[in-house]
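A look at the structure
So you can see what is in the structure, the chains are spelled out below.
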Amino acid sequence: MECRKFDITLISAIDLENVRKACKMKIYARTSLGNDPNTEKRSPIDRHGKTNPAWNYNMNYAIGESTVQHHGTMLVIKLYCKRKLGDRYIGEVHASMKELYDIACACGGSAIWSFPVQRGSVKSQGALKFSFKFGDKVCIDKLLLAESIRAWSRGAD
């Protein structure tokens, strides 16, 4: 199985919609590959930036080579405002993993990019800035991987 490392750093967002008129906005992001809940990772909450949060938060993924070879798999970053009565959705960014890979290759392996934050089909407000980097392709033997996981799980008992 061929795969590669994918690193993403959520840097900041600007001019987001203020979804909290009475209190201060506390924003975090949920990142996933293709809206797969098993790949979801969450950033810390920015408590000071209001509609212009900054995180500089790094996340790592191991992705299959097929993920970067077709346009079907999307990186999905959803932004939320933390609230006691349930978090409020702000908007999201969708970026094709193939497009990100092509951009990174053209820029020497990594890039910093800004994408508009969408809410609904046409409405957008603000932009999300993040950096990303793809590692070299490596080949992992499925049997060796399964044995490693089994040995690790036995050691955890």
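Residues numbered from 1 in each chain as written. Predicted model: local features only at pLDDT ≥ 70, side-chain atom pairs only at ≥ 80, totals over all residues. Heavy atoms only, no water.

Taking an unreviewed UniProt entry as the reference, the protein is identified by name as C2 domain-containing protein belonging to Escallonia herrerae.

**Side note on helix α1 (residues 97–106)**
For the record, the criterion: Between buried and exposed lies partly exposed: a residue is buried under 20% and exposed over 50% of the maximum accessible area for its type, with that area taken using a 1.4 Å probe on protein chains only. We count a stretch as a helix when DSSP gives it H or I for four or more residues in a row; a strand needs E for two or more, and each element gets its number in order from the N terminus. Under the rule applied, a polar contact is a pair of N or O atoms within 3.5 Å (in protein, one hydrogen donor and one hydrogen acceptor; residues adjacent in sequence only if both atoms are side-chain atoms).
Among all positions of α1, only Met97, Lys98, Leu100, Tyr101, Ile103 and Ala104 are buried. Put simply, Ser96 is the residue that caps the front of α1, since its side-chain oxygen is 3.2 Å from the backbone nitrogen of Lys98. Directly beyond the C-terminal end of α1, a positive phi value near 90° is found at Gly108.

**Points about the side chain of Asp7**
This is how it is decided: The convention is simple: Lys and Arg are positive, Asp and Glu are negative, and His and the chain ends are not counted. Each reported salt bridge corresponds to a side-chain nitrogen of Lys or Arg within 4 Å of a carboxyl oxygen of Asp or Glu. Every residue pair with non-hydrogen atoms within 4.5 Å of one another is taken to be in contact.
Within the secondary structure, Asp7 sits in strand β1 (residues 2–14). Buried and unpaired, Asp7 has Lys5 as its nearest opposite-charge partner, separated by 4.1 Å. Excluding residues within four positions of it along the chain, Asp7 makes contact with Asn58, Met59, Asn60, Ser131, Phe132 and Lys133.

**Details of the pattern of salt bridges**
Applying the stated criterion across every chain, the model contains four salt bridges. The salt bridge involving Glu65 is made with Arg4; its shortest N-O contact spans 2.8 Å. Remark: Arg4 occurs in strand β1 and Glu65 occurs in the loop between β4 (54–64) and β5 (74–81); sequence separation between them is 61 residues. The same class applies to Glu65 as to Arg4, namely buried. Lys82 serves as the salt-bridge partner of Asp87, at 3.8 Å between the closest nitrogen and oxygen. Taking the relative accessible area as the measure of exposure, Asp87 reaches 28% and is therefore partly exposed.

**Considerations on the packing of aromatic side chains**
Selection criterion: To pair, rings of Phe, Tyr and Trp, with the six-membered ring standing in for Trp, must have centres within 6.5 Å; the planes then decide the type, stacked if under 30 degrees apart, edge-to-face if over 60, and tilted in the middle.
Evaluation of the coordinates by the stated rule reveals seven aromatic pairs. Consider the rings of Tyr28 and Tyr80, whose centres lie 5.6 Å apart with planes at 20°: the pair is stacked. Pair noted here: Tyr28 is in strand β2 (residues 27–33) and Tyr80 is in strand β5, with a separation of 52 residues, a long-range link. You can call Tyr28 buried: its relative accessible area is 0%. Ring geometry for Phe115 against Phe130: centres 5.4 Å apart, planes inclined by 10°, an arrangement best described as stacked. Of the two residues, Phe115 is situated in strand β7 (residues 110–118) and Phe130 in strand β8 (residues 124–134); the sequence distance between them amounts to 15 residues. Residues Phe115 and Phe130 agree in their burial class; the two are buried.

**Overview of the pairing of β8**
The following threshold applies: Between any two strands, at least two bridges found by DSSP are needed for them to pair.
Pairing of β1 with β8, which is carried by eight bridges, proceeds in the antiparallel orientation. Its bridge partner lying in β8, Ala13 is registered against Leu128.

**Regarding the state of the cysteines**
Counted only if it meets this: Two cysteine sulfur atoms make up a disulfide if the distance between them is within 2.5 Å.
Scanning the entire structure with this criterion turns up zero disulfides. Between Cys105, a free cysteine, and Cys107, which holds the nearest cysteine sulfur, the sulfur-to-sulfur gap is 9.5 Å. A residue is classified by how much of its surface remains accessible, and Cys105, at 47% relative accessible area, is partly exposed.

**Concerning the nonpolar core**
Under the convention used in this document: What is meant by a nonpolar core is a set of buried Ala, Val, Leu, Ile, Met, Phe, Trp, Tyr and Cys residues, joined one to another through side-chain atoms within 4.5 Å.
Membership of the largest hydrophobic core comes to 34 residues, with the highest contact counts inside it found for Phe6, Ile77, Leu100, Phe130 and Phe134. Aside from chain neighbours lying at most four places away, what touches Ile77 is Ile8, Leu10, Ala29, Arg30, Thr31, Gly91, Glu92, Val93, Leu128 and Phe130.

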